[in-house]
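Per-entry structural report
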Amino acid sequence: MTPGMTLLGPALGLSAILFSLGVAGVVLRRNAIVLFVCIELMLNAVNLTFVALAQLHGASGQIMVFFVMTVAAAEAAVGLAIILAIFRHKQSVDLQNINLLRG
Amino acid sequence: MTSWVWLAVALPLAGFLVNGALSLRRPDAKGVVSLVGAGVSVAAFLVSLGVFAELVARPPEHAAIVRLWSWLPVGTLQVDLAFQVDQLSAVMLLVVTGVGSLIHLFSVGYMREDPGYARYFAYLNLFIVFMLVLVLGSSLPVMFIGWEGVGLCSYLLIGFWFSDKANADAGKKAFIMNRIGDSGFMIAMFLVWRAFGALDFATIDSRAADVLVPGGAIVTAITLFLFLGCTGKSAQIPLYTWLPDAMAGPTPVSALIHAATMVTAGVYLVARTNVLFAMAPVSSTVVAGIGAVTALFAATIGLRQYDIKRVLAYSTVSQLGYMFLGVGTGVYATGIFHLVTHAFFKALLFLGSGSVIHAMHHAYHATHAHEDAQDMRNMGGLKRYMPWTFWLMTIATLAIAGIPPFSGFFSKDEILAMAFARGADLPVYYLFYGLGVLAALLTAFYMARLMAMTFLGENRTGERERAHLHDAPWIMTGPLVVLGVLSAVGGALNLPEVFGGHQALEHWLEPVTAPAAAFTRLEVPHGATEYYLIGAAVLIGIVGLVAGWRATLARPIPTARAAPPERGLALVLNRKYYIDELYDTIVVRPVVWLSRAVLWRGVDQGVVDGAAVNGMARLSQGLGWLGSRLQTGQVGVYVVLFLVGALWVLGAVIR
């Protein structure tokens, strides 16, 4: 048992808490920026899980984290651009006002 | 030659296709149209002659069946498209193609100036096709093709000048009344199928005695339904009212379809299924009774009509009644005999009236007068201007009035004599005989009236028009001459023994009528009775002619415009006993009301359009609206749903 493994349980627990916070934020908050931050939070919670479990399963988990960070960076660029465009159009980033796809 | 009989059908069919194409592409190519139209008809006549000659040379024991192809192979029901060549169909072949050819030739002159010339000949050729299918069909369904086809051609030709609404309506009336009768024909076919398991005439003839009980309910029902079909096609009470209206068509059409051939199809049908009628005495009595009553009823209406073609139309209804009296009496060959002689003299009368109308029309056309060219009150004294037409129509008049030695005398006299003979078994036939004799008197009367009003006395056409009246050109008068000769000597076909003949037509048809002869056997009355019957018939004809002639010319006849309104019985007869009005009130109006109020507004617009079509649309619209309520456009709601779903799937996987 390596010293790091004693930290596995707390690491997974922290990851679960962070992920839940992210989900709650996405569901409950209406500001697009906050929503965006919450999504980042969920991604990083998953990253933490990957890193923690990499000790058991080898380096592939850590490599996956790099992929996730790359995607998150790209997502940040695209997502912020969309939010910016919406704001220019509606003078607001409140998601309740953005309901063009209502049935 | 017998196996080539299909050529008689195929040639007019080719003529129809060529003329039909020409009427669409080159309506002015009248030379080609005349050549093709009349040519195929004459060619069909030559084929018929060949078939007939072979039958004479080698009289077959059984009818020759010319099988073309299998038409309806359905389980145990096998219907071939086949033609039956025997003595009866050969006679009909000759009449249809012979009289048909003459009328085609007449039409070349009569319709020359009509813009629909090619269309006219296309229809006329098509009619010959279907009429030949009708008489040649070897089974009830094949006959039914022709039966319906001639109805179609009749409709097309009655409404030939369809731009006038009255003509189009007359066509519809004929078509619809025939449909009523045709339903009877179809029910009869179903019953025959149930009883025999087959529909061809050979099977019916050979197995009727084993399958059916003489006088039983089934055979009575079959024959009565068949006769319902006959009343429609052959214009008998109660379905006769379409025939007088059918005179809206061109006059040669009236001669060919509505006098000589199509309307006699009912008589042919009864003669063709003679074994069934012989086994159903009740039906035969009904046939004879309807025939006798129709003969008298139509003759009374003919007394007071002024349109020359209408008189002849009611005369046709009346003469068809005689034919049914004949076949109902059980003398099928005699009914066919009258059919043949009637085809000659009635075609002659119609074509003669066509010549008269042609001349009158031209006279009024030349002076731009708007008078009725068919009203006999506008004619009079035409004998001076149209001697050929007058003398030829006189022959036909003497024939229809039953004056010997003209053809109608022999056939009509034989029908009446046989009805009288039948009275010995069934006294009700004495009544039918009486009705027939009375009708013969009226026939002679109205024909004398027609001839006197048209050809004798002073001319009432008008001073300026008179110069334009003249006989028709030879292409029209020629066929009249041929028909005149046939009307005069046609009686020789079946000259009875008392006049030195040996009833050639009756013996010729014996193989066809043999199945019926097993059930009923009638002998011509001989000796004093026969002379009395002949004497009475001749006397009645002469009395009727003289009375009609004297009564018509007794007083000056006012022209159609100057005529005072009819009163009393004359008005009732002139208005045809108000039968049309009666039918209109009790049938047409309720049906129209039912169609509009219930079937159209209620069933079609309410149930079909409203409940079914629009109902389905509204239902799917409503379901779609419900579904669209889920799409709020709020991303949060979607996320919640997504989350719930994801957790649910996750939970399911883990467990």
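Preceding this paragraph is the structure being described.
Predicted model only: the values in this text are computed from it and were never measured.

Our focus in this paragraph is the pairing of strand 2 (residues 77-85) of chain B. Residue and element names in this part refer to chain B. Across nine bridges, strand 1 (residues 64-74) lies against strand 2 in antiparallel orientation. Bridging from a neighbouring strand, Ile 65 pairs with Gln 84 of strand 2. Linking strand 1 back to strand 2 in an antiparallel pair, the connection comprises two residues, with Gly 75 at a positive phi of about 60°.

Okay, the packing of helix 2 (residues 30-57) of chain B against helix 4 (residues 117-136) of chain B next. The packing of two helices is summarised by the inter-axis angle and the distance between the axes. Residues and elements named next belong to chain B. At a minimum axis separation of 9 Å, helix 2 and helix 4 run at an interaxial angle of 10°. Considered as vectors, helix 2 and helix 4 are oriented roughly parallel to each other. Along its contact with helix 2, which presents Lys 30, Val 33, Gly 37, Val 40, Ser 41 and Ala 44, the element helix 4 presents Tyr 117, Ala 118, Phe 121, Leu 124, Asn 125 and Ile 128. Its residues assigned to classes, the contact of helix 2 with helix 4 comprises eight nonpolar, three polar and one charged.

Residues and elements named next belong to chain B. Counting 213 residues, the largest nonpolar core has Phe 127, Met 131, Leu 132, Ile 336, Ala 347, Leu 348 and Ala 419 as its most contacted members. Per-element tally for this core: the top contributor is helix 15 (residues 332-367), with 20 residues. Beyond its immediate stretch of four places on either side in the chain, Phe 127 contacts Val 150, Cys 153 and Ile 257.

Count 3.6 residues to each turn of an α-helix, and residues three or four apart come out pointing the same way. Helix length check: helix 17 (residues 407-422) of chain B (16 residues) gives 23 Å between terminal C-alpha atoms against 22 Å at 1.5 Å per residue, within 8%. Among the 16 residues of helix 17 of chain B, 16 are classified as buried, and the element is accordingly described as predominantly covered.

Residue and element names in this part refer to chain B. For Ser 283, the position within the fold is in helix 13 (residues 281-302). What makes Ser 283 buried here is the crowd of 24 C-beta atoms within 10 Å. It is 28 Å that separates the C-alpha atoms of Ser 283 and Leu 93, two residues lying 190 residues apart in sequence.

As a further point, take the packing of helix 17 of chain B against helix 18 (residues 428-455) of chain B. Residue and element names in this part refer to chain B. Between helix 17 and helix 18, the least distance of the axes is 7 Å, while the angle of their chain directions is 155°. Here helix 17 is positioned roughly antiparallel relative to helix 18, judged by the angle of their axes. Helix 18 is crossed by helix 17, and the crossing has left-handed handedness. Residues Lys 412, Leu 416, Ala 419, Phe 420 and Arg 422 of helix 17 touch helix 18, and the partners they reach there are Tyr 429, Phe 432, Tyr 433, Gly 436, Val 437 and Ala 440. Split into classes, the residues belonging to the contact of helix 17 with helix 18 amount to eight nonpolar, one polar and two charged.

Contacts between the two partners involve twelve residues from chain B and, on the opposite side, ten residues from chain A. If you tally residues by element for the side of chain B that touches chain A, the top one is helix 26 (residues 635-654) of chain B, at five residues. Looking at side-chain class alone, the side of chain B that touches chain A contains five nonpolar, six polar and one charged residues.

Residues and elements named next belong to chain B. Look at helix 8 (residues 217-233): 24 Å from first C-alpha to last across 17 residues, which is about the 24 Å you get at 1.5 Å a residue. Of all 17 residues making up helix 8, 13 are buried, and the element is well covered by its neighbours. Just beyond helix 8, the residue with positive phi is Ala 235, at close to 55°.

Moving on, we come to unusual backbone geometry. Residues and elements named next belong to chain B. Put simply, Ile 237 and Pro 238 share a cis peptide bond, and its omega is 10°. With respect to the helices, strands and loops of the structure, Pro 238 is situated in the loop between helix 8 and helix 9 (242-245). That bond from Pro 404 to Pro 405 is cis: its omega, 5°, falls within 30 degrees of zero. With respect to the element layout, Pro 405 can be found in the loop between helix 16 (387-401) and helix 17. One non-glycine residue, His 368, lies in positive phi territory at about 60°. Summarising the element assignment, His 368 is placed in the loop between helix 15 and helix 16. Under the C-beta neighbour-count criterion, His 368 is labelled exposed, with 7 such atoms within 10 Å. Residue Tyr 577 is not a glycine yet carries a positive backbone phi of 60°.

Criteria and thresholds
- Residues numbered from 1 in each chain as written.
- Chains lettered and ligands numbered in written order.
- Predicted model: local features only at pLDDT ≥ 70, side-chain atom pairs only at ≥ 80, totals over all residues.
- Pairing = 2+ DSSP bridges.
- Helix = DSSP H or I, 4+ residues; strand = E, 2+ residues; numbered from the N terminus.
- Axes fitted to C-alpha atoms, helices over the stretch in contact; angles between N-to-C directions.
- Parallel < 35°, antiparallel > 145°, perpendicular 65-115°, else oblique.
- Contact = placed C-beta atoms within 7 Å.
- Nonpolar A, V, L, I, M, F, W, Y, C, P; charged D, E, K, R; others polar.
- Core = buried A, V, L, I, M, F, W, Y, C linked by C-beta atoms within 7 Å.
- Buried ≥ 20, exposed ≤ 12 C-beta atoms within 10 Å, placed from the backbone.
- Expected span 1.5 Å × (residues − 1).
- Left-handed = near helix turned anticlockwise from the far one by under 90°.

The values reported here are purely geometric and, on their own, carry no functional implication.
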